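Descriptive analysis of the structure
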Amino acid sequence: VPASVLPAVRAVSGVKNAEGTIFDNGADILGPDGKPIGFQGPPHFGGSWIVDSELSPFHLRSGAGPTQDHDVVVDATTAATQKLSLGQRIDIAFRGGAKETFRITGISGYAQSDNLAGATFALFTATTAGRVMAMPDSYTTIRVSAQAGVTDVDLRNRVAAVLPSGVEATTGAQASQE
């Protein structure tokens, strides 16, 4: 979704809040041996920390969300199995290429789980996520919450009216089913 769409979505009648987010495969948390940690097969997600907790499926188990360019939040399963802790510095490689060092500021779960079915995730500030995931002017999704009295279906229809061709609006229930 082009980043330029976000202001139009925020201006839709009935929108309480809207936040552009990035969440995509291609962020390998590296172990002390320099090799990606995590199970073979599941993705290694990188993305943007979602500031509005009402919009976010990520819930801190400890620490805080990222606020600086080299802060990261990691999933709770990876933190536990790799004995990662708050304040620790870790290397992350992006899309199989360049690596950078980050400081763990938070450990998070996904909804009620400690990770996503074996996948690892590393979450950054929006600016850092755009840079490291090669999406500086776009999002993978725009998450939207409704003002009181506005149904999910009404909000979806209103948002859909301002979206460019090829971008779909769905309710949370539709997204969960998909």
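This is a predicted model, so every value here is computed, not measured.

Within the largest apolar cluster, 34 residues are counted, with the highest numbers of intra-cluster contacts made by Val72, Val74, Ile90, Ile92, Phe94, Phe124 and Val159. In contact with Val72, other than residues within four places in its own chain, are Pro66, Ile90, Ile92, Phe102, Arg103, Ile104, Thr105, Gly106, Ala122, Leu123 and Phe124. With 10 residues, the next largest nonpolar core counts Leu55, Val73, Leu116 and Phe121 among its residues.

Moving on to the packing of aromatic side chains. One pass over the structure, following the stated rule, counts seven aromatic pairs. Where Phe23 meets Phe45, the ring centres are 4.4 Å apart and the plane angle is 20 degrees; that geometry is what we call stacked. Taken together, the positions of Phe23 in strand S2 (residues 23–25) and Phe45 in strand S4 (residues 44–48) put the pair 22 residues apart, joining distant regions of the chain. Phe23 gets classed as partly exposed once you look at its relative accessible area, which sits at 25%. On the basis of relative accessible area, Phe45 is assigned to the buried category, the value being 17%. On the numbers, 5.4 Å between centres and 70 degrees between planes, the contact of Phe58 with Tyr110 is edge-to-face. You can see Phe58 sitting in strand S5 (residues 58–63) and its partner Tyr110 sitting in strand S8 (residues 99–110), a full 52 residues away along the chain. By relative accessible area, Phe58 is classed as buried at 6%.

Right, let's get into the environment of Ile92. Its location among the elements puts Ile92 in strand S7 (residues 89–94). A relative accessible area of 0% places Ile92 in the buried class. Placed 65 residues apart in sequence, Ile92 and Ala27 show a C-alpha to C-alpha distance of 6.3 Å.

Apart from glycine, the bulk of residues carry a negative phi angle, and the bulk of peptide bonds sit in the trans form. Positive phi, close to 55 degrees, is recorded for Lys83, a residue that is not glycine. Among the structural elements, Lys83 can be located in the loop between helix H2 (76–81) and S7. Residue Lys83 is classed as exposed on the basis of its relative accessible area, which comes to 69%.

Rules of the game
Residues numbered from 1 in each chain as written. Predicted model: local features only at pLDDT ≥ 70, side-chain atom pairs only at ≥ 80, totals over all residues. Heavy atoms only, no water. Core = buried A, V, L, I, M, F, W, Y, C linked by side-chain atoms within 4.5 Å. Buried < 20%, exposed > 50% of the residue type's maximum accessible area, 1.4 Å probe, protein only. Contact = heavy atoms within 4.5 Å. Phe/Tyr/Trp six-rings, centres within 6.5 Å; stacked < 30°, edge-to-face > 60°. Helix = DSSP H or I, 4+ residues; strand = E, 2+ residues; numbered from the N terminus.

Nothing here speaks to function; it is geometry throughout.
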